[in-house]
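Now for the letters of each chain:
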Amino acid sequence: MAGEIPDLVALERSGTGKGAARQARRDGMVPGIVFGGEAEPLPIQIPFNSLLKTLKAGRFKSTLFNLKVDGHEDVRVICRDVQRDVVKDLPTHFDLMRLRRTSRINLYIHVDFINEEQAPGLKRGGVLTIVRQEVELNVLAGDIPDHITVDLAGKTIGDVIHISDVVLPEGVKPTIDRNFVIANISAPRGLVADDAAEAEEAAAEE
């Protein structure tokens, strides 16, 4: 089920409070804290450039990480907050929360499309338009699906695929209540033009 969880490498930080945090920043680090679970809060720090790169990759606050800190067991965490400088908009502090396997979290899960060769609409030259390549789902931290699957077998031109059309793994549910669109099969431009011409001819004959 679960795909590979990215590592987030950090260093244990000595001392707490504003003074220790300022020192960490002077040393080119971004201070942070790990909380939750049955363990005590753990002050940590991540090199500024490393954290900035991870933030720029996107969805930092909705990605499950495997936190690696020397001298401590690896633990699954999710970001709960990133504080930024109000002028420069650069990270100054971050909060990570430990997760139990039974914790429920919202994550973006990749959408796979299968059986394209069995879709009559695509055989006729229709175009598969993917509206959502990823879908935000509420999942168990201990049982995260690597992807969800959209079966295109039997789909024709004009068909619209909603989230309700997808068989989700047990215990997985969308974070959005409405029945949103994932993809659709639209007619190629040539076919649309031909249909329009045929309609005009039929109207002229009447």
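Computed from a predicted model, the values in this text were never measured in an experiment.

K.L.:
Before we move on, could you go through the UniProt feature "domain: Large ribosomal subunit protein bL25 beta" (unreviewed entry) in the protein chain and cite the residues and values that matter?
P.N.:
Mapped onto this structure's residue numbering, the UniProt feature "domain: Large ribosomal subunit protein bL25 beta" (unreviewed entry) falls at residues 105-189. The distance separating the terminal C-alpha atoms of residues 105-189 is 42 Å; by composition the span is 6% helix and 44% strand.

K.L.:
Mind laying out the pairing of strand S3 (residues 42-47), listing which residues take part and the relevant values?
P.N.:
Taken across its six residues, S3 has five buried, putting it largely inside the fold. Across two bridges, strand S1 (residues 7-12) lies against S3 in antiparallel orientation. The partner of Leu11 across the bridge, within S3, is Gln45. Bridge count between strand S2 (residues 29-35) and S3: six bridges; the pairing is antiparallel. When the bridges of S3 are listed, Pro31 appears paired with Gln45. Linking S2 back to S3 in an antiparallel pair, the connection comprises six residues, with Gly36 at a positive phi of about 95°.

K.L.:
Quick rundown of the pattern of salt bridges? Include the residues and the values.
P.N.:
Scanning all chains against the criterion turns up two salt bridges. Of the charged contacts in the structure, one is a salt bridge between Glu134 and Arg59, with a shortest N-O distance of 2.0 Å. Within this pair, whereas Glu134 is found in strand S9 (residues 134-140), its partner Arg59 is found in the loop between helix H2 (48-56) and strand S4 (64-69), the two being separated by 75 residues in sequence. Ionic pairing is found between Asp74 and Lys68, a salt bridge with its closest N-O pair at 2.8 Å. Looking at Asp74, the relative accessible area reads 40%, which means it is partly exposed. The class of Lys68 is partly exposed, set by a relative accessible area of 31%.

K.L.:
Outline the UniProt feature "domain: Large ribosomal subunit protein bL25 L25" (unreviewed entry) in the protein chain, supporting the account with residue identities and numerical values.
P.N.:
UniProt's entry tags residues 10-96 with the feature "domain: Large ribosomal subunit protein bL25 L25" (unreviewed entry), counted in the numbering of this structure. End C-alpha atoms of residues 10-96 are separated by 11 Å, and the span's content is 21% helix alongside 44% strand.

K.L.:
Kindly report on the nonpolar core, identifying the contributing residues and their values.
P.N.:
Membership of the largest hydrophobic core comes to 27 residues, with the highest contact counts inside it found for Ile105, Leu107, Val135, Val150 and Ile182. If you list the elements that add at least two residues to this core, you get strand S7 (104-114), S9, strand S10 (147-151) and strand S13 (181-186). Sorting elements by how many residues they give to this core places S7 first, with five residues. Looking at which domains feed residues into this core, each of domain 1 (7-99) and domain 2 (105-193) supplies at least three. Here Val135 is in contact with Leu107, Tyr108, Ile109, Val111, Ile148, Ile163, Phe180 and Ile182, once residues within four sequence places are set aside. The next biggest cluster of nonpolar side chains, apart from the first, holds 18 residues, and it includes Leu8, Leu42, Leu55 and Phe65.

About the criteria used
- Along each chain, numbering runs from 1 in the same order as the chain's sequence is written.
- Side-chain atom pairs in this predicted model are given and counted only at pLDDT of 80 or more, local residue features only at pLDDT of at least 70, and totals for whole chains, interfaces and linings cover all residues.
- Side-chain measures were taken over the full set of non-hydrogen atoms in the model, leaving aside hydrogen atoms and water.
- UniProt positions are given in the numbering used here, feature names are shortened, and annotations may be inferred rather than shown by experiment.
- Numbering goes from the N terminus for both helices and strands, where a helix is a DSSP run of H or I of at least four residues and a strand is a run of E of at least two.
- Relative accessibility under 20% of the residue-type maximum defines a buried residue, over 50% an exposed one, and the middle range a partly exposed one, all with a 1.4 Å probe and only protein chains included.
- Strand pairing is assigned whenever DSSP detects at least two bridges linking the two strands.
- Any Lys or Arg side-chain nitrogen located within 4 Å of an Asp or Glu carboxyl oxygen qualifies as a salt bridge.
- Buried residues of nine kinds, namely Ala, Val, Leu, Ile, Met, Phe, Trp, Tyr and Cys, make up a nonpolar core once their side-chain atoms join them within 4.5 Å.
- Segment limits for the domains were obtained from an automatic or database-derived domain assignment.
- The criterion used for residue contact is that any of the two residues' heavy atoms lie within 4.5 Å.

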